[in-house]
Amino acid sequence: MEVKIEEGWKSQLDNEFNKPYFHELVRFVKGEYSSKTIYPPPKMIFNAFNFTPFNQTKVVIVGQDPYHQPHQANGLCFSVNDGIRIPPSLVNIYKEINLDLGTPIPASGNLERWAKQGVLLLNATLTVRAGAAGSHQGKGWEQFTDSVIESLSTDRNNLVFMLWGAYAQKKGATIDQSKHLVMRSPHPSPLSAHRGFFGNKHFSKANEYLISKGKRPIEW
């Protein structure tokens, strides 16, 4: 079926788009958008892929669900639109970057600037019902995003994967660690950040790895 997505991803995932589960998923999501308030807006569902082409991906950060409050979700995990209050997990991500690299904490929670540098900000589930966290889990998105991770693991080399929290670590369990740098730590949520997210130095480690492979580092 026809999915509007960056050409590199389109050719990479074309088989996935034609599987029965994906057709069912599309039917479900279209029905939800037509009858309920769903986030992010439809044109932003595949933002992570459109901002970060397959062949330009350098770093992968795995999230879970889009934000489910008004005006927050923009198709990039942990990211919110300009002018929206920065959510607690992203506050902690910014704090760790500041601790790790000494860079100032940004005023905006919009992570498009990372995505445009090759950071794939991938949620496991790409849509959610307003005010109902997890409401679109188990509908097929997870199978789709598993195939995204598998495709990157198999067909690219020397990527950095940041797996924060048990959910992301389980999702990334099959990544080929002989070809990629896979980093794990607790989630940046206020509930767990003090158990090892702070001090993980993932951002400096990612840049050191990219530089060692002849790639441009990320301006976090």
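Structure first, text after, so check above.
The residue count restarts for each chain, going from 1 along the sequence in the order it is written. Note on the predicted model: pLDDT of at least 70 is required for a residue's local features to be given, and 80 or more for side-chain atom pairs to be given and counted; whole-chain, interface and lining totals, by contrast, use all residues. Side-chain calculation: all heavy atoms of the structure are included, whereas hydrogens and water are not.

## Thoughts on the overall build of the chain
Helix and strand content of the chain: eight helices and six strands. Within these notes, the globule rule equals 2.2 Å times the number of residues to the 0.38 power, and the radius of gyration is based on C-alpha atoms. For the chain, whose C-alpha radius of gyration is 17 Å, the value lies close to the compact-globule estimate of 17 Å for 220 residues. Viewed in the frame of its principal axes, the chain has a C-alpha envelope of about 45 × 35 × 25 Å. Within the span of the chain, comprising 220 residues, buried residues form 53% of the whole. Here, two residues are considered to be in contact whenever any of their heavy atoms come within 4.5 Å of each other. Residue pairs at least 24 apart in sequence account for 65% of intrachain contacts in the chain once pairs closer than 6 positions are excluded. Approximately 10200 Å² of the chain is accessible, and the part contributed by carbon and sulfur atoms is 52%. For helices the rule is a DSSP run of H or I covering at least 4 residues; for strands it is a run of E covering at least 2, with both sets numbered from the N terminus onward. Note on classification: 1.4 Å probe, protein chains only; a residue is buried when its accessible area is under 20% of the maximum for its type, exposed when over 50%, partly exposed between these limits. All accessibility values rest on the Shrake-Rupley procedure with a 1.4 Å probe; residue burial counts only the protein chains present in the view.

## Here we look at the pairing of strand 5 (residues 160-164)
Across the five residues that make up strand 5, a large majority, five, are buried. Residues of strand 5 alternate between two faces, with Val 160, Met 162 and Trp 164 on one and Phe 161 and Leu 163 on the opposite face, all of them buried. For two strands to be treated as a pair, DSSP must find no fewer than two bridges joining them. As defined by bridge partners, strand 2 (residues 59-63) adjoins strand 5 across three bridges and the pair is classed as parallel. When the bridges of strand 5 are listed, Ile 61 appears paired with Met 162.

## Considering the side chain of Glu 6
Relative to the elements of secondary structure, Glu 6 occurs in the segment before helix 1 (7-17). Residues counted as positive are Lys and Arg, residues counted as negative are Asp and Glu, and His and the chain ends are not counted. Any carboxyl oxygen of Asp or Glu within 4 Å of a side-chain nitrogen of Lys or Arg constitutes a salt bridge here. Despite its burial, Glu 6 pairs with no opposite charge; the closest candidate is Arg 156, at 9.3 Å N-O. Polar contacts, as used here, are pairs of N or O atoms within 3.5 Å; protein pairs need one atom able to donate a hydrogen and one able to accept it. Residues neighboring in sequence count only if both atoms are side-chain atoms. Polar side-chain contacts of Glu 6 include one of 3.0 Å to the backbone nitrogen of Gly 8. Within the local environment of Glu 6, its side chain forms a polar contact with the backbone nitrogen of Phe 54, the two atoms lying 3.3 Å apart. Among residues more than four places away in sequence, those in contact with Glu 6 are Phe 49, Asn 50, Pro 53 and Phe 54.

## Considering helix 4 (residues 88-101)
Counting along an α-helix, one turn takes 3.6 residues, and residues three or four places apart therefore face a common direction. Each helix should span, by expectation, one fewer than its residue count multiplied by 1.5 Å. With 14 residues, helix 4 extends 20 Å between its outermost C-alpha atoms, agreeing within 8% with the 20 Å of an ideal straight helix rising 1.5 Å per residue. Buried residues of helix 4: Ser 89, Leu 90, Asn 92, Ile 93, Tyr 94, Glu 96, Ile 97 and Asp 100, and no others. Among the structural elements, helix 5 (112-115), strand 5 and helix 8 (202-212) are those in contact with the buried residues of helix 4. Downstream of helix 4 by a residue or two, Gly 102 has a phi angle that is positive, lying close to 80 degrees.

## Focus on the packing of helix 2 (residues 20-35) against helix 6 (residues 141-155)
Note on method: axes are straight lines fitted to C-alpha atoms, helices fitted across the in-contact stretch only, with angles between N-to-C directions ranging 0 to 180 degrees. Put simply, helix 2 and helix 6 touch, their axes get as near as 9 Å, and they point 130 degrees apart. Classified by the angle between their axes, helix 2 and helix 6 sit oblique to one another. The chirality of how helix 2 crosses helix 6 is left-handed. Note on element contacts: helix 6 touches helix 2 through Trp 141, Gln 143 and Phe 144, opposite Tyr 21, Phe 22, Leu 25 and Val 29. Residue type decides the class: Asp, Glu, Lys and Arg count as charged, Ala, Val, Leu, Ile, Met, Phe, Trp, Tyr, Cys and Pro as nonpolar, and the leftover types, Gly among them, as polar. Tallied by class, the residues present in the contact of helix 2 with helix 6 amount to six nonpolar, one polar and no charged. Roughly parallel covers angles under 35 degrees, roughly antiparallel covers those over 145, roughly perpendicular covers 65 to 115, and oblique covers all other angles. For any helix crossing, the convention is left-handed if the near helix is rotated counterclockwise from the far helix by under a right angle, and right-handed if that rotation is clockwise.

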